[in-house]
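Examining the three-dimensional arrangement
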Amino acid sequence: MNEMTTIGDAAVETSNRPQPKPGVMSIAPYVPGKSKATGGKTLHKLSSNETPLGASPAAAAAMKDIAGHLELYPDGGSSDLRAAIGDVYGLNPDRIICGAGSDEILSLIAYAYLGAGDEAIYSEHGFLVYDIAIRAAGAVPVIAPEQDLTTDVDAILARVTAKTKMVFIANPNNPTGTYLPFEEVRRLHAGLPAHVLLVLDAAYGEYVRRNDYESGLELAATADNVIMTRTFSKVYGLANLRLGWGFGPAHVIDALNRIRGPFNVSGVAIAAGVAAVKDRDFLSRAVEHNDKWLPWVTSELEALGLKVTPSVGNFVLVHFPDEQGKRAVDADAYLLDNGCVLRLVGNYGLPNALRMSIGTEDANRTVVGLLKSFLGQA
């Protein structure tokens, strides 16, 4: 008897065609933030945590230099980029891996170390790519509840079993903006069996200005079971190029290099990344902009009576009243009709919240003004 599956409203025979391995079709596809408003022209896109300052002019210039040589394969080892990152952060380039965004590196880690029957843990409102990577590798995701929208070390440790092979931690976390002090990260690491790989995702690490925060470089440099990942998509403004990197023990980096694509980073991305990571003045300006407008946006939204989760990233999580006409979905529709795009986060288990990236001064003031009107306070 032929097997049938349903796609949309149509029943489709599946017995006579290739089938994905078990578990693949149960993966919920990653849904990015909207890019366009519904009410005509998009005025401000604040749905994807992109920097409002664009990219370093030095990075843009480096890209142009590559444009005349697009017929050539890039350096398969991203040697110049790894050397530049190593120089800036004081790291051994041989222990750095580069990828098409940190997303690719997170997936490579899962593919290299997870398989059928294994489990990997991430926190309740953690980055959705973890769930996708775990399931794609054939393993089982285990979700640890959070405390006050913050990763709970004890909840994670309580869920470690003989099947646990990996723990993913976003620090700071997206979409909540909360973080773990590094003593808590060290406590987590100390409580994990030596064979469990701790993955520290520090995509927003450059923005954090707390004395008790570390991105994980030192722990990744000294422990055999810790790897830290970073991205050029946020503070460096290179999201369009898809560029990220990881730093960890030599044996972990060796395993990842064995399964990554031979030319997984384009020459354009390598050149731009080298220039960007060396442009410390641009980085400082981007962080200073966030330092100014993150507290301003938080304060202004709270003055409207909205709850804002304290954030150390370049975005805020805004909670709306559980009141007909004033919920997050209503606010989202109102903002879209007025040219401003924020991010609904129901797929993160936060159905009555919007995530707002910190934008330009005009963008920040516009969104606050629109929400004031939406709430009937204008």
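The structure presented is a predicted model; accordingly, all values stated were derived computationally and were not measured.

Cut-off values and rules
- Residues numbered from 1 in each chain as written.
- Predicted model: local features only at pLDDT ≥ 70, side-chain atom pairs only at ≥ 80, totals over all residues.
- Heavy atoms only, no water.
- Axes fitted to C-alpha atoms, helices over the stretch in contact; angles between N-to-C directions.
- Helix = DSSP H or I, 4+ residues; strand = E, 2+ residues; numbered from the N terminus.
- Parallel < 35°, antiparallel > 145°, perpendicular 65-115°, else oblique.
- Contact = heavy atoms within 4.5 Å.
- Buried < 20%, exposed > 50% of the residue type's maximum accessible area, 1.4 Å probe, protein only.
- Arc of directions from axis to C-beta.
- Pairing = 2+ DSSP bridges.
- Phe/Tyr/Trp six-rings, centres within 6.5 Å; stacked < 30°, edge-to-face > 60°.
- Lys NZ or Arg CZ within 6 Å of the ring centre and 35° of its normal.

**Things to note about the packing of helix α10 (residues 280–303) against helix α12 (residues 361–374)**
- Running from N to C, α10 and α12 cross one another at 5°; their axes reach a closest spacing of 11 Å. The angle between α10 and α12 places the two elements in the roughly parallel class. The segment α10 lies against α12, with H289, W293, W296, V297, E300 and L301 engaging E361, N364, R365, V368 and L371.

**Details of helix α6 (residues 182–191)**
- Turning to α6, its buried residues number three or more, namely F182, V185, L188 and H189. Down the axis, α6 shows its buried residues gathered within 110° of arc, on one side only. Of the exposed residues in α6, those oriented more than 90 degrees away from the buried face are E183 and A190.
- Buried-residue contacts for α6 involve α5 (153–158), β7 (164–170), β8 (197–201), α7 (217–222) and β9 (226–231).

**Some points on the pairing of strand β10 (residues 244–247)**
- Side-chain alternation along β10 places G244 and G246 on one buried face and W245 and F247 on a second face that is also buried.
- Examined bridge by bridge, strand β4 (residues 96–99) and β10 share 4 bridges and lie antiparallel to one another. Opposite I96, over in β10, you have F247 as the bridge partner.
- Of the pairings in the sheet, the one linking β9 to β10 comprises 4 bridges and is antiparallel in character. Directly across from R230, in β10, lies its bridge partner W245.

**Let's talk about the packing of aromatic side chains**
- Using the criterion set out here, one finds 11 aromatic pairs in the structure.
- On the numbers, 5.7 Å between centres and 90° between planes, the contact of F127 with Y130 is edge-to-face. For the pair F127 and Y130, a shared accessibility class is recorded, and that class is buried.
- With centroids separated by 4.9 Å and ring planes inclined at 40°, the aromatic side chains of F232 and Y236 adopt a geometry described as tilted.
- Owing to a relative accessible area of 2%, Y236 belongs among the buried residues under this scheme.
- Three or more aromatic residues joined by ring pairs form one cluster here, namely Y122, F127, Y130 and F168.
- The aromatic ring of Y89 is capped on one face by R280, whose charged end is 6.0 Å from the ring centroid.

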